[in-house]
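Remarks on the overall topology
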Amino acid sequence: MTPARNPRPRAILRIHFHPVERNDELYGHLLTVLDGISPRIEPLPADWSAYVDLTGALTFWDRDVEGLIAVLRLRLLALHGVQSSVGAGPTRGIAAMAADATPPGSATVVADNLYEIAAFLRPKPAAALPGIGPKTARALARYGITGICLKRHRPRSRVR
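What comes next concerns the included structure. (Residues numbered from 1 in each chain as written. Predicted model: local features only at pLDDT ≥ 70, side-chain atom pairs only at ≥ 80, totals over all residues. Heavy atoms only, no water.)

1. Things to note about the sheet that holds strand 4 (residues 83-89)
Using the following cut-off: DSSP bridges decide pairing: two strands pair if at least two such bridges lie between them. What counts as a helix is a DSSP run of H or I of at least four residues, what counts as a strand is a run of E of at least two, and both are numbered from the N terminus. The axes used here are C-alpha line fits, helices contributing only the stretch in contact, and every angle between their N-to-C directions lies in the interval 0 to 180 degrees. We call two residues contacting when some pair of their heavy atoms lies within 4.5 Å.
Taken in spatial order, the 5 strands make up an open sheet running 2-3-1-4-5, and their pairing is mixed. Because the sheet does not close on itself, it has two edges, and the strands there are strand 2 (41-44) and strand 5 (107-109). The average undirected angle you get between the axes of adjacent strands in this sheet is 15°. Across 3 bridges, strand 4 lies against strand 5 in parallel orientation. The partner of V86 across the bridge, within strand 5, is A107. Lying on the sheet, helix 1 (residues 24-37) is in contact with strand 1 (12-18), strand 2 and strand 3 (49-53); it crosses strand 2 at an angle near 160°.

Structure, rendered in structure tokens:
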């Protein structure tokens, strides 16, 4: 029997760039900085952001998520004078929600464990979930679903 290995924590970033002036050349340079940290990037030029998968980069750089975000943000600022805001989480959806709640020049990290994820999601309204627009939020509200709530349900004990 082989010993159980702890799975590697997932770390997905949603990073927003906040330059003084925007142009395609600068956006390309910013993506190059991201590529120097992790080759797994999905550019989102429409809103000057990108997704970055740090899962493998954490081992390569021998840093935790917060440390690698600090390196990334410092490089963007030092090389190009661009502030950024970063949301990190175990999934793209959580990373996007964290990024939306983060002011420029800051980072919000949601760790890859159920307690942290539940603590982050619990106070959010249902409309905060990516893909839930006003119409869907109203439909959910008609069924009494107004917020995100992760509850553990225990099976009922059987009475004999």
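Additional details are given in the paragraphs that follow.
2. Some details on the environment of G28
Threshold: The buried label goes to any residue with under 20% of its type's maximum accessible area, the exposed label to any with over 50%, and the partly exposed label to all in between, with areas taken from a 1.4 Å probe on protein chains only.
Along the chain, G28 turns up in helix 1. Relative accessible area serves as the criterion here: at 31%, G28 is assigned to the partly exposed category. Note: C-alpha distance between G28 and P45 (17 residues apart in sequence) is 9.6 Å.

3. What about the packing of helix 4 (residues 92-100) against helix 5 (residues 114-121)?
We apply this condition: Angle categories: roughly parallel below 35 degrees, roughly antiparallel above 145, roughly perpendicular from 65 to 115, and oblique for all the rest. Helix crossings are classified by the rotation of the near helix relative to the far one: an anticlockwise turn of less than a right angle makes the crossing left-handed, while a clockwise turn makes it right-handed. Residues are grouped as follows: Ala, Val, Leu, Ile, Met, Phe, Trp, Tyr, Cys and Pro are nonpolar; Asp, Glu, Lys and Arg are charged; all remaining types, including Gly, are polar.
Where helix 4 meets helix 5, the closest approach of the two axes is 12 Å, and the angle between their N-to-C directions is 45°. Accordingly, the angle class assigned to the pair helix 4 and helix 5 is oblique. Remark: the crossing between helix 4 and helix 5 carries left-handed chirality. Between helix 4 and helix 5, the residues in contact are I94, M97 and A98 and I117, F120 and L121, respectively. Looking at the contact of helix 4 with helix 5 residue by residue, the class counts come to 6 nonpolar, no polar and no charged.

4. Describing the pairing of strand 2
By the bridge criterion, 4 bridges tie strand 2 to strand 3 in an arrangement that is antiparallel. The partner of L44 across the bridge, within strand 3, is S49. Once strand 2 ends, the chain turns through 4 residues before running back antiparallel as strand 3, passing W48 with a positive phi of about 55°.

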